[in-house]
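# Chains, contacts and geometry: an overview
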Amino acid sequence: MNYLHLNYFEKGNDFIKFQQGKIEIVFSTAENNKNFNRNTEDGVRELESLIAKFHSENVEYLKQIHSNKVYTYRKGDKDFKENEGDALITNEEKTIIGVFTADCVPIILVDEENKAIAAIHSGWKGTFLSIVSETILRMKEEYNSKVEKLVVYIGPHIRKCCYEVSEELKEQFSERFGIEDGKLFDGRNLSLEECINNDLINSGVLEENINSLGICTNCEKEIKLHSYRKSNGAYGRLFSFVYIKE
């Protein structure tokens, strides 16, 4: 796994961006009070503003339910945003696809060769259900994606330093993934990223193609981020997205 350097990132920027050919990968921050909550008018306005800002035609997302359900977006799909699931894939140009997080793990998959992309919301349930593996299978079926060519970007999320789980959940994850406890846990603190990395490698993704920002939403000091665990009452959403330029 590669940990991406953010030395270039200036405090106050709304977005962390990466470019791969004609595909752009973007992780929002909470700088300048950015909040992409789809359940508020301001949040929807922020989402719609991305179309002009990133020279796209539409922005698509799902009603997230902590599952391993994957949807394919095709131009002209009506009421797509009403679908319940946690991963979406497309090969449509100028279409932003993204997921909302506030501690859960946002994952972007890029198949530059076939111009196909995926955005995944992986909370503890989605991680336990191996949603990233399900998404890779769907990309292989829909777009003939070669797993060894896929490039992965893992965005800001609550990391092992801050993510304490119950003893019961610890036992379930230990049994499910078979990763040595020293790598997967620190006491009862769980590394969701280790589970996701395990699924990626087992799916055939090359380790050198897995990139992580290595940023914890709960304790990051330099970049302002939304975090459910550290919020009081109302909380904001980050939006992690990807799109193919024309």
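For the structure given in this document, a descriptive report is provided here. What you see is a predicted model; the values in this text were computed from it and never measured. (Residues numbered from 1 in each chain as written. Predicted model: local features only at pLDDT ≥ 70, side-chain atom pairs only at ≥ 80, totals over all residues. Heavy atoms only, no water.)

## Details of the nonpolar core
Note the threshold: To define a nonpolar core, start from buried Ala, Val, Leu, Ile, Met, Phe, Trp, Tyr and Cys residues and group those joined through side-chain atoms within 4.5 Å. Partly exposed describes any residue whose relative accessible area lies between the buried limit of under 20% and the exposed limit of over 50%, with all areas from a 1.4 Å probe on protein chains only and scaled to the type maximum. Only DSSP runs of H or I with at least four residues qualify as helices, and only runs of E with at least two residues qualify as strands; both kinds are numbered from the N terminus onward. Only heavy atoms enter the contact rule, under which two residues are in contact if any of them lie within 4.5 Å.
Counting 36 residues, the largest nonpolar core has Ile107, Leu109, Val152, Phe173, Leu190 and Leu200 as the members making the most contacts within it. Counting residues per element, the ones that place at least two in this core are β6 (87-90), β8 (105-111), β9 (116-122), α3 (131-143), β10 (151-154), α4 (167-177) and α6 (192-203). No other element matches α3, which puts 5 residues into this core. Leaving out residues up to four positions away in the same chain, isoleucine 107 has contacts with Ala118, Ala119, Ile120, Ser122, Val132, Val152, Tyr153 and Ile196. One finds Ile23, Leu88, Ile97 and Val151 within the second-largest nonpolar core, a separate group that totals 26 residues.

## With respect to the sheet that holds strand β3 (residues 23-28)
Here is the rule: When DSSP finds two or more bridges between two strands, those strands count as paired. Angles here are taken between N-to-C directions and fall from 0 to 180 degrees, while the axes themselves are lines fitted to C-alpha atoms, restricted in helices to the stretch in contact.
On the basis of which strands lie adjacent, the open sheet formed by 5 strands has the order β2-β3-β14-β7-β4 and mixed pairing. Edge positions in the sheet fall to β2 (15-20) and β4 (58-60), since each has one partner strand and no second. Ignoring strand direction, the axes of neighbouring strands in this sheet form an average angle of 20 degrees. The sheet contact formed by β3 and strand β14 (residues 238-244) spans 5 bridges and is antiparallel. Following the sheet pairing, glutamate 24 is matched in β14 by tyrosine 243. Against the sheet, helix α1 (residues 41-53) makes contact with β2, β4, β7 (95-101) and β14, and its axis sits at roughly 135 degrees relative to β4, the strand it touches most.

## What to know about unusual backbone geometry
What you tend to see is this: most non-glycine residues have negative phi, and most peptide bonds are trans. Notably, asparagine 33 is not glycine yet its phi reads approximately 60 degrees, a positive angle. Among the structural elements, asparagine 33 can be located in the loop between β3 and α1. The phi angle at lysine 115 is positive, at roughly 50 degrees, despite the residue not being glycine. Within the secondary structure layout, lysine 115 lies in the loop between β8 and β9.

## Considering the pattern of salt bridges
Stated precisely, the cut-off is as follows: In the sections that follow, a salt bridge refers to a side-chain nitrogen of Lys or Arg positioned within 4 Å of a carboxyl oxygen of Asp or Glu.
This model, assessed by the stated rule, comprises 15 salt bridges. One salt bridge in this structure joins glutamate 46 and lysine 34, with 3.0 Å as the shortest N-O distance. Of this pair, glutamate 46 sits in helix α1 while lysine 34 sits in the loop between β3 and α1, and the two are 12 residues apart along the sequence. In this structure, the salt-bridge partner of glutamate 246 is lysine 94, at a minimum N-O distance of 3.8 Å. With a gap of 152 residues between them, glutamate 246 in the segment after β14 and lysine 94 in the loop between β6 and β7 connect regions that are remote in the sequence. A relative accessible area of 61% means that glutamate 246 is categorised as exposed. One continuous salt-bridge network, built from bridges that share partners, spans Asp14, Lys34 and Glu46.

## Details of the environment of valine 59
Mapped onto the fold, valine 59 is located in strand β4. For valine 59, a relative accessible area of 2% corresponds to the buried category. On a C-alpha basis, the gap between valine 59 and methionine 139 in space is 20 Å, while along the polypeptide they are 80 residues apart. Beyond its immediate stretch of four places on either side in the chain, valine 59 contacts Leu47, Glu48, Ile51, Lys81, Ile96 and Phe239.

## Concerning the sheet that holds strand β13 (residues 210-212)
The mixed open sheet is built from 7 strands, whose spatial order is β1-β13-β10-β8-β9-β6-β5. The outermost strands of the open sheet, each flanked by one partner alone, are β1 (2-3) and β5 (70-72). Looking at chain direction, β1 and β13 are connected through 2 bridges and run parallel. Among the inter-strand pairings, asparagine 2 is bridged to a residue of β13, identified as asparagine 211. Strands in contact with α3 are β5, β6, β8 and β9; relative to β9, the strand with the most contacts, it is inclined by about 160 degrees. Contacts from α6 reach β1, β8, β9, β10 and β13, with the element oriented near 165 degrees to β13.

## Quick notes on a negative patch on the surface
Applicable threshold: Distance thresholds for patches are 9 Å for like charges and 5 Å for nonpolar side chains (Val, Leu, Ile, Met, Phe, Trp, Tyr), applied to residues having over 30% relative accessible area and no salt bridge. Accessible surface is estimated by sampling points in the Shrake-Rupley manner with a 1.4 Å probe; for residues, cover comes only from the protein chains shown. Positive charges come from Lys and Arg, negative ones from Asp and Glu, while His and the chain ends are left out of the count. Here the site of a charge means atom NZ of a Lys, CZ of an Arg, CG of an Asp or CD of a Glu.
Negative charge collects at one region of the surface, where Glu167, Glu168, Glu171 and Glu175 lie side by side. Here glutamate 175 lies in helix α4.

## What to know about α3
Filter applied, for reference: Here the expected span of a helix is defined as 1.5 Å times the quantity of residues minus one.
Taking 1.5 Å of rise per residue, the 13 residues of α3 would be expected to cover 18 Å, and the 18 Å separating its terminal C-alpha atoms lies within 8% of that figure. Considering only its buried residues, α3 is in contact with β5, β6, β8, β9, α2 (124-128) and α6. The positive-phi residue at the C-terminal boundary of α3 is asparagine 144, with phi of around 55 degrees.

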